[in-house]
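# Structural characterization, general
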Amino acid sequence: MLNTVILISSGMVGLAMLLCLWRLLKGPDITDRILALDTLYINSIALIILLGLYHGSAMYFEGALLIAMLGFVSTSAIAKYLLRGDIIE
């Protein structure tokens, strides 16, 4: 039963990723695109964790942690660039 629930939730997260990709490509504003990119990497973390649960491997969780750290740094850098015009002062 758990495998069925994981597959259904993976499909829902995949659909959420497609909707975020659509917002990233068709976003009316740059802030909408940044938020869509942030949500896209959060959804990819959720998908990797679900894949790790499905396969029963801990390596997927380490990959999800790396993506979380890189996503946070990149979102902060993009926000700082848009706010001030440069990343490193």
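It should be noted that the structure appears before, not after, this text.
Just so it is clear, the structure is predicted and the values come from calculations on it, not from any experiment. (Residues numbered from 1 in each chain as written. Predicted model: local features only at pLDDT ≥ 70, side-chain atom pairs only at ≥ 80, totals over all residues. Heavy atoms only, no water.)

### Some remarks on the overall build of the chain
The number of helices and strands found in the chain is three helices and zero strands. Reading the secondary structure of the chain in the N-to-C direction produces α-α-α. For 89 residues, the compact-globule estimate of 2.2 N^0.38 gives 12 Å, and the C-alpha radius of gyration of the chain, at 15 Å, exceeds that figure by more than 25%. A total of 89 residues make up the chain; the buried ones form 19% of that total. (Helix = DSSP H or I, 4+ residues; strand = E, 2+ residues; numbered from the N terminus. Rg over C-alpha atoms; globule rule 2.2 N^0.38 Å. Buried < 20%, exposed > 50% of the residue type's maximum accessible area, 1.4 Å probe, protein only.)

### A short note on the packing of helix α2 (residues 30-55) against helix α3 (residues 59-84)
Axis separation between α2 and α3 bottoms out at 9 Å; the angle between their running directions is 175°. It follows from the interaxial angle that α2 and α3 lie roughly antiparallel. (Axes fitted to C-alpha atoms, helices over the stretch in contact; angles between N-to-C directions. Parallel < 35°, antiparallel > 145°, perpendicular 65-115°, else oblique.)

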